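What follows is the residue order along each chain.
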Amino acid sequence: MSKLSEFQRKNLLIIPTHAHPHTVPYAIKSAQNQTITDLDIVVIGDGVTDETRAAVEPFLLDERVRFLDKPKAIRHGEEYRDHVIRNSSAETVSYLGDDDLLFPSHLQLMGEHLSGVDFVNPLPIFINFDGSIHYIPTDLANPDSLLWHLDEQVHRNSVSLTGVMHTRESYLRLPFGWRPAPLGRWTDHYMWQQYFQLEGFQAKTLPISTTAKFGDVERSNIEPHLRVREIESYVQGFSRPEFIENWNHLVREVVRAKSVEQLIELQIVHSEKERLISEIQDQVEKNSEISQELNRVLNTKSWRLTNPLRQFRGLFK
């Protein structure tokens, strides 16, 4: 493991890798091409092959890049990430998947929005292999969003590893930090849940997309040369001014369409609730105890939190 003296830059970016020798060079390049340069880029090899070692080696000419070639861990090398963070003097910690890309201004924008909070993530936008994108509505500044991620009955996550930035100070306040996740659990979600339960935790979700996040499961059987072609199309796009403008326009349209879809769904749910209320109220005159119970239900916190009119008030202002 590299010594603390080697990780003294203000920003730390961790790129875990295992078996993506064809895509990891593009991830590293997108890290090198950030608009901020005060950056330590640490590629953590979790039981990699010689092919991956060869893919990473040319980047070690950049003094900002380090490659930690470690034996295969139980899960995804979470303990290596923890060691790197604890042995760094960085103010901020960020992450990048070895088959994803960061837009050139990603770290700069994340850092600007990290002021006053512990944790920031870009708008959760994911790229399908057919070129379309999908969006998972998320606002980490909203306590309801944190509760959505903390549901132990239905494990769900919208916060990808790629794109997250948090302060190192807040990481040191976590009960554990990075550690192997139980089988069947997403390792990043398992980690974020510690943050989302941290006392005094504050976070933001940026209203823009600053990463190219390519779903790994959907692409598990895609030939490497096709994945490279897909990634290269985005790399080339970064060099064109109109690319970002077109990307932002596409993202806005997808977000708006998803918001309308959710509003319609919630209106349907609300209509069903109103129908049930009407049926109960028909019985109120027959039994005063039912009236008391109805008033109790309508004044509970859970009913108010799920009121769709409250959730979507001012959505399209």
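Report on the accompanying structure. Keep in mind that this is a model prediction, so the values were computed, not measured. (Residues numbered from 1 in each chain as written. Predicted model: local features only at pLDDT ≥ 70, side-chain atom pairs only at ≥ 80, totals over all residues. Heavy atoms only, no water.)

Focus on the overall build of the chain
Turning to step 1, where the next piece is worked out: Helix and strand content of the chain: twelve helices and eleven strands.
Turning to step 2, where the next piece is worked out: Put simply, the chain has 317 residues, and 47% of those count as buried.
Turning to step 3, where the next piece is worked out: Contacts in the chain between residues far apart in sequence, at least 24 positions, make up 78% of those at least 6 positions apart.
Turning to step 4, where the next piece is worked out: Within the structure as shown, the chain displays about 16600 Å² of accessible surface, and the carbon and sulfur contribution to it stands at 53%. (Helix = DSSP H or I, 4+ residues; strand = E, 2+ residues; numbered from the N terminus. Buried < 20%, exposed > 50% of the residue type's maximum accessible area, 1.4 Å probe, protein only. Contact = heavy atoms within 4.5 Å. Areas by Shrake-Rupley, 256 points an atom, 1.4 Å probe, with all protein chains shown as cover.)

Some words on the environment of Lys29
Turning to step 1, where the next piece is worked out: Mapped onto the fold, Lys29 is located in helix H1 (residues 24-32).
Turning to step 2, where the next piece is worked out: Given a relative accessible area of 40%, Lys29 falls into the partly exposed group.
Turning to step 3, where the next piece is worked out: Along the primary structure Lys29 and Leu102 are separated by 73 residues, whereas in three dimensions their C-alpha atoms are 9.2 Å apart.

Brief notes about the pairing of strand S1 (residues 11-17)
Turning to step 1, where the next piece is worked out: Counting buried positions along S1 gives seven out of seven residues, so the element sits mostly inside the fold.
Turning to step 2, where the next piece is worked out: Along S1, one buried face is formed by Asn11, Leu13, Ile15 and Thr17 and the opposite face, lined by Leu12, Ile14 and Pro16, is buried too.
Turning to step 3, where the next piece is worked out: Direction of pairing for S1 relative to strand S2 (residues 39-46): parallel, over a ladder of seven bridges. The residue of S2 that forms the bridge with Leu12 is Asp40.
Turning to step 4, where the next piece is worked out: Taken together, S1, H1 and S2 form a β-α-β motif whose crossover is right-handed.
Turning to step 5, where the next piece is worked out: Here S1 runs beside strand S4 (residues 92-95); their pairing, made up of four bridges, is parallel. Counterpart to Asn11 in the pairing with S4 is Thr92. (Pairing = 2+ DSSP bridges. Right-handed = clockwise from strand over helix to strand, strands pointing away.)

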